[in-house]
Amino acid sequence: MKPTSLALALGLGLLAAPAAAADKMTLLLDWYINPNHGPIIVAEERGYFADAGLEVEVIAPADPSAPPKLVAAGRGDLAVSYQVQQHLQVAQGLPLLRVGTLIATPLNCLMTLADGPIESLSDLRGKTIGFSVAGVEEALLETLLGTHGVSLDDVTLVNVNFSISPALMSEQVQAVIGAYRNFELNQMEIEGIDGKCYYIEEEGIPPHDELIYVANSETMDADKITRFLGAVEKATQYIVNHPEDAWNIFKGTAAELDDELNARAWVDTLPRFALRPAALDEGRYARFEEFLVGTGLLETARPVAEIAIDVTAQ
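Structure report, in brief. The model shown is predicted, which means the values in this text are computed figures rather than measured ones.

Observations regarding the nonpolar core
Okay, so step 1: Residues L27, V99, Y213 and F228 are the most contacted members of the largest nonpolar core, which totals 43 residues.
Okay, so step 2: Top element by residues in this core is helix α9 (residues 222–241). It accounts for eight residues.
Okay, so step 3: Ranked by size, the runner-up nonpolar core spans 24 residues in total, among them V155, A175, F288 and F291.

In structure tokens:
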């Protein structure tokens with residue numbers, strides 16, 4: 001057989017061969033799909049997961065607190081979770097590791113009405129503050145207020161569940177902790193009410209990741225996770241380079257995403273996506289662990305290797 005004929009025959013053989021089956025993964029989100037999940041959706045829509053040999057099933061939870069627990073129980077490969085909760089869950093004995101970052105800065109803020117009576121956090125003395133997550137947000141508040149000479153005993157705390165903006169707009173409370181600067185501020189502005197955010201990382205809380213990817217430390221597949229993180233990194237680069245095109249891809253996946261709130265949130269979230277989702281700043285995680293010990297939420301500090309890893313370096 002002539003070389004050219006051999007090459008043609010081999011080529012035809014390759015065309016006839018079945019495509020390799022993609023490795024399946026299950027990703028449990030922290031909430032319903034929103035702009036915070038931009039790199040995940042863009043990675044799927046642009047074919048980056050497929051290019052990495054992955055078939056990723058993305059599931060929005062009925063209970064936002066459930067995804068890390070489900071991954072710890074072996075009922076999912078990855079979950080989108082929160083760095084703050086990650087430290088606490090590891091201390092509670094859950095076999096979880098942070099393997100990547102989605103949102104690399106805090107989104108949480110303490111929010112007040114822009115034209116209300118609170119001009120400084122010291123003005124919260126004697127006021128009512130709404131919160132959603134008991135324990136964690138109370139500890140954050142203790143630090144935030146303490147930097148301005150106010151203690152938790154000086155304020156009244158009310159659990160507003162997830163009705164953060166309505167509780168503030170109706171003046172049921174004078175401030176809320178747990179408001180996301182990329183959502184609640186925009187939501188209030190759309191309603192014609194201006195809010196003011198006190199950024200927690202500027203008020204005594206150590207800088208940290210907001211949203212992270214967690215895996216089961218005992219059963220995780222490092223190779224699949226590495227490929228997953230490579231795909232979302234590629235998607236993040238696309239979003240940064242083509243923000244308008246990426247927004248059109250994102251909003252085109254579901255009619256309910258194409259509204260003013262999500263459009264505003266997209267713009268505000270874009271600079272907070274982790275450009276290197278697999279990268280780990282061990283010192284940053286160690287400092288936050290020590291901070292949580294100082295608040296009393298943790299008894300002792302654990303080694304960073306028990307909390308977070310760079311899975312691509314393993």
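Regarding the pattern of salt bridges
Okay, so step 1: If you walk through the whole model with that rule in mind, you get nine salt bridges.
Okay, so step 2: A salt bridge links R227 to D23, with the shortest nitrogen-to-oxygen separation between them at 2.7 Å. With a gap of 204 residues between them, R227 in helix α9 and D23 in strand β1 (residues 23–28) connect regions that are remote in the sequence.
Okay, so step 3: Assessed through its relative accessible area of 32%, D23 is described here as partly exposed.
Okay, so step 4: Of the charged contacts in the structure, one is a salt bridge between R302 and E306, with a shortest N-O distance of 4.0 Å.

As for the packing of helix α10 (residues 243–251) against helix α11 (residues 260–269)
Okay, so step 1: Interaxial distance between α10 and α11 falls to 11 Å at its minimum, and their mutual angle equals 140°. Regarding the angle of α10 to α11, the classification is oblique. By crossing handedness, the relation of α10 to α11 is classed as right-handed. Each of P243, A246, W247 and F250 in α10 lies in contact with α11, whose residues at this interface are N262, A263 and W266.
Okay, so step 2: Residues that form the contact of α10 with α11 fall into these classes: six nonpolar, one polar and no charged.

A look at the environment of G230
Okay, so step 1: In this structure, G230 sits in helix α9.
Okay, so step 2: Relative accessible area serves as the criterion here: at 36%, G230 is assigned to the partly exposed category.

Details of α11
Okay, so step 1: Listed in full, the buried residues belonging to α11 are N262, A265, W266 and T269. Each buried residue of α11 lies within a common arc of 110° when the element is viewed along its axis, so the set occupies one face.
Okay, so step 2: Buried residues in α11 make contact with α2 (38–45), β4 (96–103), α8 (184–190), α9 and α10.
Okay, so step 3: The distance from a side-chain oxygen at the start of α11 to the backbone nitrogen of L261 is 3.4 Å, and the residue carrying that oxygen is D259.

Looking at the pairing of strand β8 (residues 175–180)
Okay, so step 1: Among the six residues that make up β8, six are buried, leaving the element largely enclosed by the rest of the structure.
Okay, so step 2: As paired strands, strand β5 (residues 108–113) and β8 are joined by four bridges and run antiparallel to one another. For C109, the partnering residue across the bridge sits in β8 and is A179.
Okay, so step 3: Strand direction decides the pairing type here: strand β6 (residues 128–131) and β8, joined by two bridges, are parallel. In the strand pairing of β8, G130 is matched with V176.

Things to note about the side chain of E210
Okay, so step 1: Along the chain, E210 falls in the loop between β9 (195–199) and β10 (211–216).
Okay, so step 2: With no salt bridge to any partner, buried E210 finds its closest opposite charge in R181, at an N-O distance of 6.3 Å.
Okay, so step 3: Within polar-contact distance, the side chain of E210 engages the backbone nitrogen of L107 at 2.7 Å.
Okay, so step 4: At 3.2 Å, the side chain of E210 and the backbone nitrogen of N108 are in polar contact.
Okay, so step 5: Among residues more than four places away in sequence, those in contact with E210 are S81, Y82, Q83, I103, T105, P106, L107, N108 and Y180.

Quick notes on helix α6 (residues 136–146)
Okay, so step 1: Along α6, eight of the 11 residues are buried, which leaves the element largely enclosed by surrounding structure.
Okay, so step 2: Taken residue by residue, α6 has V136, E137, A139, L140, L141, T143, L144 and L145 as its buried positions.

Concerning unusual backbone geometry
Okay, so step 1: Positive phi, normally seen in glycine, also occurs at N161, with a value near 55°.
Okay, so step 2: Structurally, the position occupied by N161 is in the loop between β7 (156–159) and α7 (164–169).
Okay, so step 3: For E171, which is not a glycine, the phi torsion comes out positive at approximately 60°.

What counts, and at which threshold
- Numbers given to residues run from 1 along each chain, matching the order in which its sequence is written.
- Only residues with pLDDT of at least 70 get local features here, since the model is predicted, and only at 80 or more are side-chain atom pairs given and counted; chain-wide, interface and lining totals rely on the full set of residues.
- Side-chain metrics rest on all non-hydrogen atoms present in the structure, leaving aside hydrogens and water.
- Throughout, nonpolar core names a set of buried Ala, Val, Leu, Ile, Met, Phe, Trp, Tyr and Cys residues whose side chains join them through atoms within 4.5 Å.
- Burial classes: relative accessible area under 20% of the type maximum marks a residue as buried, over 50% as exposed, and values in between as partly exposed (1.4 Å probe, protein chains only).
- The numbering of helices and of strands both runs from the N terminus, where a helix is a DSSP run of H or I of at least 4 residues and a strand a run of E of at least 2.
- Salt bridges, as used here, are contacts in which a Lys or Arg side-chain nitrogen is within 4 Å of a carboxyl oxygen on Asp or Glu.
- Think of each axis as a best-fit line through the C-alpha atoms, taken over the contacting stretch in the case of a helix, with angles from 0 to 180 degrees between the N-to-C directions.
- Roughly parallel here means an angle under 35 degrees, roughly antiparallel means over 145, roughly perpendicular means 65 to 115, and every remaining angle is called oblique.
- Should the near helix be turned anticlockwise from the far one by less than a right angle, the crossing is termed left-handed; should it be turned clockwise, right-handed.
- Should any heavy atoms of two residues lie within 4.5 Å, those residues are considered in contact.
- Three categories are distinguished: nonpolar for Ala, Val, Leu, Ile, Met, Phe, Trp, Tyr, Cys and Pro, charged for Asp, Glu, Lys and Arg, and polar for the others, with Gly belonging to the last.
- The directions considered for the arc are those from the helix axis to the C-beta atoms.
- The term polar contact refers here to a pair of N or O atoms within 3.5 Å; inside protein, the definition further demands a hydrogen-donor-capable atom paired with an acceptor-capable atom, and it admits residues adjacent in sequence only when both atoms are side-chain atoms.
- Two strands are said to pair when DSSP picks up at least two bridges between them.
- When charges are tallied, Lys and Arg are placed among the positive residues and Asp and Glu among the negative ones, while His and the ends of the chain are skipped.

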